[in-house]
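Analysis of the macromolecular model
Here is how the chains run, residue by residue.
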Amino acid sequence: MTAERPTRTAAQPQPAELARTDAERLRLLHALERKLLWLSAWMIHHANHIRPNRDGLKVGGHQASCASSVSILAALYFEILRPQDRVAVKPHAGPVFHAINYLLGRQEREKLSTLRQFGGIQPYPSRVKDGAEVDFSTGSVGLGVALTSFGSLVQDYVRLHGLGRSEIPPGRHVAIVGDAELDEGNIYEALLEGWKHDVRNVWWVVDYNRQSLDSVVPDRLFGRIEGLFRDMGWNVVTLKYGRRLEAAFAREDGEALRRWIDDCPNSLYAALTFQGGAAFRRAILAELGRVEGVRAIIDPLDDDELAALMTNLGGHDIETLTEAFRAAAAEGDQPTCFIAYTIKGMGLPFAGHKDNHAGLMTKEQMATFREVMRIRDGHEWDRFEGLDVPVPELEAFLAGLPFAQPLAPEGRQLQSPTIPVPATLPAPRIPPGRMMSTQGAFGEILAEIGRGQGANAALAERIVTTSPDVTVSTNLGPWVNRRGIFDRHLKNDVFRDAKLASAQRWGMGPEGQHIELGIAEQNLFLLLGALGLSHSLYGARLLPVGTVYDPFVNRGLDALIYGCYQDARFLLVSTPSGLTLAPEGGQHQSVNTPLIGIAQDRLVAYEPAYADELAILMRFAFDHMQKPDGSAVWLRLSTRALAQPERKLDPAGVIAGGYWMVPPGPGSKLAIAYQGPIAPEVREAFEAIREDVPDAGLLAVTSPDRLQAGWLESRRGRRQGKASEASAIETLLAPLDRDAALVTILDGHPAAHAWLGAVRGQRVVPLGVDRFGQAGDLPDLYAAYGLDASAILDACAAAVLGGE
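The paragraphs below set out a description of the structure included in this document. Note that the structure is a prediction, hence the values are computed from the model and not measured. (Residues numbered from 1 in each chain as written. Predicted model: local features only at pLDDT ≥ 70, side-chain atom pairs only at ≥ 80, totals over all residues. Heavy atoms only, no water.)

Overview of the overall build of the chain
Condition: Secondary structure elements are taken from DSSP: a helix is a run of H or I of four residues or more, a strand is a run of E of two residues or more, and numbering for both begins at the N terminus. We compute the radius of gyration from the C-alpha atoms alone; for a globule the expected value is 2.2 Å times N to the 0.38, where N is the number of residues. The contact criterion used throughout is that any non-hydrogen atoms of two residues lie within 4.5 Å. The method behind every accessible area is Shrake-Rupley, applied with a 1.4 Å probe, and residues are considered shielded solely by the protein chains displayed.
Across its full length, the chain holds 34 helices and 20 strands. Relative to the compact-globule value of 28 Å for 804 residues, the chain shows a C-alpha radius of gyration of 31 Å, a close match. On the principal axes, the C-alpha backbone points of the chain span a range of 105 × 70 × 50 Å. Considering only residue pairs separated by 6 or more positions, the chain has 78% of its internal contacts joining residues 24 or more positions apart. Carbon and sulfur atoms make up 53% of the accessible area of the chain, which amounts to about 31,300 Å² in all.

What follows is the structure, encoded as C-alpha cells:
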C-alpha cells in the first residue's frame, strides 16, 4: 500500500454546521452508490446465469472492476459533473455507466437485461451502439483516456476560432482510468503532447485498485507515475484514505497504524482484504500488538467492523471524493490526476482476490448478495428497490443534479450544420508536358483552397490539418503558410523576425488552422478522432485532414480503428506509399495498407493515380464526411510524378471505385486492371497487348474498397430477395466475355484485387507486392517485385493461355 506523499490530501471534516446541511445529500449519495453496486453486479449476473446461453460460449463481465469504481462514478455523476463535461468511463465499468443512466432516466429498464446481447447495451460504452449518452467510446484500453486530452484541445480550438455554441460553456474532460490502463504507452505519448499544447480542463481519475488482469500491481509504481504527471504540469491529488481511517490515524498511536498500512505490500493487503477482519487483526497484532493506541483502535471492533475500517480507502469514500473534486474545480483549469485508492471487487465476496478480474458471483453468492441488498424476487431491476430513502426524495434529488440538466435541445450529441463544398475544387495548374505526383497535387489543391476566395471561403474556414512531424514532407507546407499553426498562445516565427530565408512561414497563434504534432502516430489518429467528433461534442463542424507516411499508418492502427469505431469524420492522407518511393528503403515501404482500407469499417479508401482523380476524390471526401450515412475517408498517395492526361472525367466512376481508361470491345477475352502510380508500366504493357488482343480493356481502379463494398451490398440485397441494381464492378465487367481473364496490378498486396475473379467467376492473375525491404531505383525494384511492363506482359500471356 506504499505511496508517495500526496500533493494534497482530501479536505478534513467540515464544521458541524456545514456537515449538518450536507448530511441529507450524503445519505442520498450513499443510497445511490449502493444501488449502482447492485445493478451493475446483477446486470452481469443476468447476462451469464439467467438469459439463455444458446451457443454455450463464455459471456463474462467484470463485476469486480465495476465494484472498484462505483464510488468514483457516483461522486462524479451525482455530485460533480455539469452538462457540458465530457466523460470517458473505463471499459470494465460499462455496466455501472448503464446503471447511472437508468437512474437518471436516460436508459430504458428493458435495455439493462440486454447487456452483451445482440442489439443490446454494450459491455464497454460505445458512441455508435449505446446512443447519445456516451461521450467517448472506451472499448480499447487506454485510448479513451488519451482522447479526453485531445478532446480538450479541440474544444479550445473551436472556442478560440469562434465556432462553438455560445450558450454552451467550456466543459471539463474527465476520464475514469483503470490503473492497468496506465501500462498503455499511448497514454504517455498523449501526456507529452498535451504538455506541448498546454492542454487544460482535463481530469484523469485513476481507479487505483492495484490489480491487473493477471496480477497485483507492483508496490510503489505510482511514485514513478505521479512524477511523470507532475513533470507534465499536472496537479496530482492522492486519495488514499477515507474519513474513518483518517479519524483513526488522528487518535493516539494512529500514525503507527498508518505506517503499517503504508508499508503493507499490495499483494498482502489484497490477500488480507479477501480473508476479512480476522486476518487483518492477526496481521496487525503480530507487529503492533504491544502498541496501546493501536489496540485501543482495533480491539473494540468486531471482525466485520475492522474489515470495514481497514478497507476505508479514499476511492470508496464519497465525502473524500466529492471534496477533492470540488477543491480541484475551484482551483481552475489545470489538468489534474486523482489517484483514488480502491479495492477491486469492493462489497463483493471476492474483494481483493488476485483472480477476481474475470470472476463472477455464483448463484449461491448472488442469493446472499441479494439478501444483503434487500432485493425482492422479481424486483431486481426496480430503480430504487432495497433503499431506505423515500422514492420521491430520490427522484427529486436526481432531477436536480447539475448533470441531469439538458446540455442542448437535441441532447448530449449535438448537431451542427453542414459546410457547403463547391461543385469542383481548384485543379492544380499543369502546363503541357508537366509531370505531377498525387502528393504534389494534394498540396497544390489544399493550398489553393487555403486562399479562402469565393466558393472556397467557407470550406477553408472549417478545414483543420494535422501531421506527426511530417507536415512539409507530405506537402502541407503551403497550406500552413497561408493558414498558420494553431496554438493557444501567440508565438512569433523567430526565423521570419530575424529575416532568415525559409520556405516555411509558420505563424503560431489561436487563429491558426494546423495542429503540429510530434512523431507519435497514435496521437495523430486520436486527434483526428477528436476533431472528427467536434460537430457532435462541441456543436461546431470541422473538416479535419491528417497526413502521415503510408507505412506508419500501422503504427497508429489501433487508434485509427478506434476513431472509426466512434464514427469520427476525417480525411486521412497517407503518403508516400508502396515501394514506389524506391531509394527511401524498406523501412518506409508499405504493402498491406490497401488491405486495411478494404477491411476497415466506417472508412472509405481510395488510391488515385492522377491529379484529376484526386481533385474529384478530395471534393467527395469533404462532402461525404458530413453526411449522416458518411464516414471517414482515406487517400493513399504517391511521390511518383506521372504525365497527366488531358481529359474530362466523369466523377461518378472515380467515386464508385473504377472506370474504363480504355473500354474493352464487346465480348473481350482480356482486361488489365491497375491501381495507383504503376500506371506508366501498365500503359506500356497494354499497348503491346493490344497488338495481339485489340479489344482488350484497361480498367482504372481508384478504390478496391468501394468496388468490393458495392458488390457485397448487392449480393446481400439479392439474398434477401430485394430488388437490387448491379454493383459498379458488375457493371464494369459486364462487357467482357464470361471466360475473359483479368490481370490486376498495384503497388501493394495482390490480395487487394484477387477477389475480382469472384464477381463473375473469371480467371484472375493478380500482381502486386507480397514482400519488400530493398532500396533501389524504380526500374530495379519494379523488375525485382514483378511490377514492370515485362511482368505484366507475362501475366497477360498466362491469363489468356491458362498457364501459370
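Points about helix α22 (residues 521-531)
Note on helix geometry: an α-helix contains 3.6 residues per turn, so any two residues three or four positions apart are oriented the same way. Where we set the bar: Between buried and exposed lies partly exposed: a residue is buried under 20% and exposed over 50% of the maximum accessible area for its type, with that area taken using a 1.4 Å probe on protein chains only.
With respect to burial, α22 is a largely interior element, 11 of its 11 residues being buried. Those residues of α22 lying buried are Glu521, Gln522, Asn523, Leu524, Phe525, Leu526, Leu527, Leu528, Gly529, Ala530 and Leu531.

Some details on the nonpolar core
The condition that has to hold: Among buried residues, those of type Ala, Val, Leu, Ile, Met, Phe, Trp, Tyr and Cys that are joined through side-chain atoms within 4.5 Å constitute a nonpolar core.
Grouped together as the largest cluster of nonpolar side chains are 89 residues, with contacts concentrated most on Trp204, Trp260, Ile515 and Phe525. The greatest single-element share of this core, amounting to 9 residues, is contributed by helix α6 (residues 143-160). Ranked by size, the runner-up nonpolar core spans 75 residues in total, among them Ile419, Val662, Val769 and Tyr785.

Let's talk about unusual backbone geometry
Here threonine 575 and proline 576 are connected by a cis peptide whose omega angle stands at 0 degrees. Among the secondary structure elements, proline 576 is positioned in the loop between β12 (571-574) and α25 (593-599). Even without being glycine, aspartate 198 reaches a positive phi, approximately 50 degrees.

What to know about the pattern of salt bridges
As a reminder, the rule being used: Each reported salt bridge corresponds to a side-chain nitrogen of Lys or Arg within 4 Å of a carboxyl oxygen of Asp or Glu.
A complete count under the given rule lists 50 salt bridges for this structure. Here arginine 243 ties to glutamate 323 by a salt bridge, and the two come within 2.7 Å at their closest N and O atoms. Taken together, the residues span a long stretch of sequence, with arginine 243 in helix α9 (residues 243-249) and glutamate 323 in helix α15 (residues 318-330) at a distance of 80 residues. Of the charged contacts, one joins glutamate 448 and arginine 429 as a salt bridge, the two residues approaching to 3.8 Å between their closest N and O atoms. You can see glutamate 448 sitting in helix α18 (residues 438-450) and its partner arginine 429 sitting in the loop between α17 (391-399) and β6 (435-436), a full 19 residues away along the chain. Owing to a relative accessible area of 23%, glutamate 448 belongs among the partly exposed residues under this scheme. Three or more residues joined by partner-sharing salt bridges are found here, namely Asp156, Arg159, Asp198, Arg200, Asp333 and Arg488.

Things to note about the sheet that holds strand β19 (residues 736-746)
In any sheet, the strands associate via hydrogen bonds between backbone groups, in a parallel or an antiparallel arrangement. Which entries qualify depends on this criterion: Paired strands, as defined in this entry, are two strands with at least two bridges between them according to DSSP. The axes are straight lines fitted to the C-alpha atoms, using for helices just the contacting stretch, and the angles between their N-to-C directions are given from 0 to 180°.
Read from one edge of the open sheet, 5 strands run β16-β18-β17-β19-β20, paired in mixed fashion. The sheet is open, and its two borders are formed by β16 (658-662) and β20 (763-767), each paired with just one other strand. With direction set aside, neighbouring strand axes in the sheet form an average angle of 25 degrees.

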